[in-house]
Amino acid sequence: MSGMVYLLPALALLGIFLFYPMAKTLYFSFFEVSGGGQVQEFVGWKHYKELLQSAEFIKSMKATLLFVLYTVPAEIIISLFLATIASEKLKGIGFFRTIFSSTLGVSVAAGATIFLFLFHPSLGVLNAILETFGINSIEWLTNSKWALFSVAMTTVWMHIGINFIILLAGIQNIDQELYESAQIDGAGYWARLFKITIPLLSPVLFFVTIIAVIGSFQTFGQIDILTGGGPAGATNIIVYSIYQNAFSYGNFGFASAQAIVLFLIILVVTVVQFYFGEKKVHYQ
């Protein structure tokens, strides 16, 4: 009983800011709800049926899955590469650790604004670099073939900081005696990396992969600032579609149904990751 008393503040916060909104969203998904949040009539599974038949929703789901494929592998690989470099005992390595983790201190709005200038069709640095090599300028944010990739590039840059810190902490937690023993046995750098570092880092990699996947599914700020879901819905991933249906079109019931579907997708993906991924995790 005393344990529950200590848990009450946390349970109260979770109830107010997590469980109640989830229950309200599920409730709204079965009703027609006005723009003012007033429940009008019960419609049952109508919103879910419309959702599954909506070409816009299917396009949004495809964009979301493609966005996850663009961002998650790149985030993990780049962060692991930087963490491996930063774990070396070199003079001045603290400076580089600060640089590599610096994106953690940049807000979504600030980071997206920085890339908004980088992607500028005529004044942007990226196109200036391409023109230096004789390559034609790219319409990064206004071309449907490049817009999603551009937002993904921004997202990867913004997520590197937190992933880098977690992976670096994981590498530094590995017993140094293992590396010393491997060196005595004649193991080179790459052998130590693939036989010691990565296997013993697998629990951390597993955790980082899960939060990276969930974070990619929930991306919103940079899309709102960079593309607004365009061009032609190319970057209208499901979270932004929920926002538009709820707050731009006032269709709270339909948006709530989308939110429930997104929750179920993330839940299934996470369960699948645990089922298949945890088998390859090596716990010390």
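Note: the structure precedes this text.
Predicted, not measured: the structure shown is a model, and the values here were computed from it. Residue indices follow the written sequence of each chain, beginning from 1 at its first position. The predicted origin of the model limits local features to residues at a pLDDT of at least 70 and limits the giving and counting of side-chain atom pairs to 80 or more, whereas totals for whole chains, interfaces and linings rest on all residues. As a rule here, side-chain values cover all heavy atoms of the structure and leave hydrogens and water aside.

Student: Hey, could you go over the overall build of the protein chain for me, with residue numbers and the actual values?
Tutor: Helix numbers and strand numbers start at the N terminus; a helix is a DSSP run of H or I with at least 4 residues, a strand a run of E with at least 2. Of regular secondary structure, the protein chain possesses twelve helices and two strands. Element order for the protein chain, N to C, with α for helix and β for strand: α-β-β-α-α-α-α-α-α-α-α-α-α-α. Each principal axis of the C-alpha atoms in the protein chain carries an extent, and together these give about 75 × 70 × 30 Å. Expressed as a percentage of the 284 residues in the protein chain, the buried residues total 40%. Contacts: residue pairs with any heavy atoms within 4.5 Å of one another. Restricting to contacts in the protein chain with at least 6 residues of sequence separation, those with at least 24 account for 65%. Every accessible area reported is derived by Shrake-Rupley at a probe size of 1.4 Å, with residue values counting cover from the shown protein chains alone. Of the roughly 16,300 Å² of accessible surface on the protein chain, 69% is carried by carbon and sulfur atoms. Burial classes: relative accessible area under 20% of the type maximum marks a residue as buried, over 50% as exposed, and values in between as partly exposed (1.4 Å probe, protein chains only).

Student: Could you give me a rundown of the nonpolar core, with the residues and numbers involved?
Tutor: If you look at the biggest cluster of nonpolar residues, it comprises 41 residues, and the most contacted ones within it are Phe164, Leu167, Leu201, Ile238 and Leu262. Elements that contribute at least two residues to this core include exactly β1 (31–33), α2 (46–53), α3 (55–86), α7 (147–172), α9 (189–217), α11 (238–248) and α12 (252–277). In terms of residue count, α3 provides more of this core than any other element does, nine residues in total. Not counting the four nearest positions on each side in its chain, leucine 201 is found in contact with Leu80, Leu167, Gly170 and Ile171. We define the nonpolar core as a collection of buried residues of types Ala, Val, Leu, Ile, Met, Phe, Trp, Tyr and Cys that are connected through side-chain atoms lying within 4.5 Å of one another. Residues Ala63, Phe115, Leu130 and Tyr240 belong to the second largest nonpolar core, which totals 16 residues.

Student: Lay out the packing of aromatic side chains in plain terms, naming residues and giving numbers.
Tutor: Put simply, two rings from Phe, Tyr or Trp (the six-membered ring, in Trp's case) pair if the centres are within 6.5 Å, and we call them stacked under 30 degrees between planes, edge-to-face over 60, tilted for the rest. For the structure shown, the criterion picks out 22 aromatic pairs. Geometrically, the ring pair formed by phenylalanine 30 and tryptophan 45 is edge-to-face, given 5.1 Å between the ring centres and 85 degrees between the ring planes. Taken together, the residues phenylalanine 30 in the loop between α1 (2–28) and β1 and tryptophan 45 in the loop between β2 (39–42) and α2 connect sequence positions 15 residues apart. Taken together, a centroid distance of 5.8 Å and an interplanar angle of 85 degrees make the contact between phenylalanine 247 and phenylalanine 252 edge-to-face. Given the relative accessible area of 59%, phenylalanine 247 is considered exposed. An aromatic cluster is defined as three or more aromatic residues linked by ring pairs; in this entry it consists of Tyr70, Phe115, Phe119, Trp140, Trp146, Phe149 and Trp157.

Student: Could you give me a rundown of the side chain of threonine 197, with the residues and numbers involved?
Tutor: Among the structural elements, threonine 197 can be located in helix α9. The exposure class assigned to threonine 197 is buried, which follows from its relative accessible area of 7%. Beyond its immediate stretch of four places on either side in the chain, threonine 197 contacts Ile171, Ile174, Tyr179 and Arg192.

Student: An account of α1 is requested, with residue identities and associated values reported.
Tutor: Every α-helix carries 3.6 residues per turn, so stepping three or four residues along brings you back to the same face. Taking 1.5 Å of rise per residue, 27 residues should cover 39 Å, and α1 covers 37 Å from first to last C-alpha, within 8% of that figure. Here the bend at a residue is taken as the angle between two axes, fitted respectively to the seven residues that end there and the seven that start there. Of all the bends in α1, the greatest measures close to 45 degrees and is centred on glycine 15. By definition here, a helix of n residues has an expected span of 1.5 Å times n minus one.

Student: Describe the pattern of salt bridges, with residues and values.
Tutor: Take a side-chain nitrogen of Lys or Arg and a carboxyl oxygen of Asp or Glu: if they are within 4 Å of each other, that pair is a salt bridge. A complete count under the given rule lists two salt bridges for this structure. Salt-bridge contacts for lysine 46 lead to glutamate 32; the nearest nitrogen and oxygen are separated by 3.0 Å. A residue pair is termed long-range when its members are at least 10 positions apart, and lysine 46 in helix α2 and glutamate 32 in strand β1 qualify at 14 residues. Assessed through its relative accessible area of 36%, lysine 46 is described here as partly exposed. Residue glutamate 32 is classed as buried on the basis of its relative accessible area, which comes to 19%.

Student: Any chance you could break down the packing of α3 against α9 for me, citing the residues and the numbers?
Tutor: Axis lines are fitted through C-alpha atoms, for helices just across the contact stretch, and the angle between N-to-C directions can take any value from 0 to 180 degrees. Interaxial distance between α3 and α9 falls to 9 Å at its minimum, and their mutual angle equals 140 degrees. As for the relative orientation of α3 and α9, their crossing is right-handed in sense. Residues Thr64, Leu65, Phe67, Val68, Thr71, Val72, Glu75, Ile76, Leu80 and Thr84 of α3 lie in contact with α9, whose contacting residues are Tyr189, Leu193, Leu201, Leu205, Val208, Thr209, Ala212, Val213, Ser216 and Phe217. A per-class count over the contact of α3 with α9 returns 14 nonpolar, five polar and one charged. Crossing handedness follows the turn of the near helix against the far one: under a right angle anticlockwise gives a left-handed crossing, and clockwise gives a right-handed one. Charged residues are taken to be Asp, Glu, Lys and Arg, nonpolar residues to be Ala, Val, Leu, Ile, Met, Phe, Trp, Tyr, Cys and Pro, and polar residues to be all remaining types, Gly included.

Student: Outline the environment of isoleucine 198, supporting the account with residue identities and numerical values.
Tutor: Its place among the elements puts isoleucine 198 in helix α9. Isoleucine 198 gets classed as partly exposed once you look at its relative accessible area, which sits at 25%. Residues contacting isoleucine 198, with those up to four places away along its chain left out, are Leu193 and Leu205.

Student: Summarise the side chain of serine 54; cite the residues concerned and give the values.
Tutor: Residue position: serine 54 is located in the loop between α2 and α3. Look at serine 54 and you get buried, because its relative accessible area is 17%. For serine 54, the side chain forms a polar contact with the main-chain nitrogen of phenylalanine 57, separated by 3.2 Å. In the analysis that follows, any N or O atom pair within 3.5 Å is treated as a polar contact, provided that within protein one partner can donate a hydrogen and the other can accept it, and provided that, for residues neighboring in sequence, both atoms belong to side chains.

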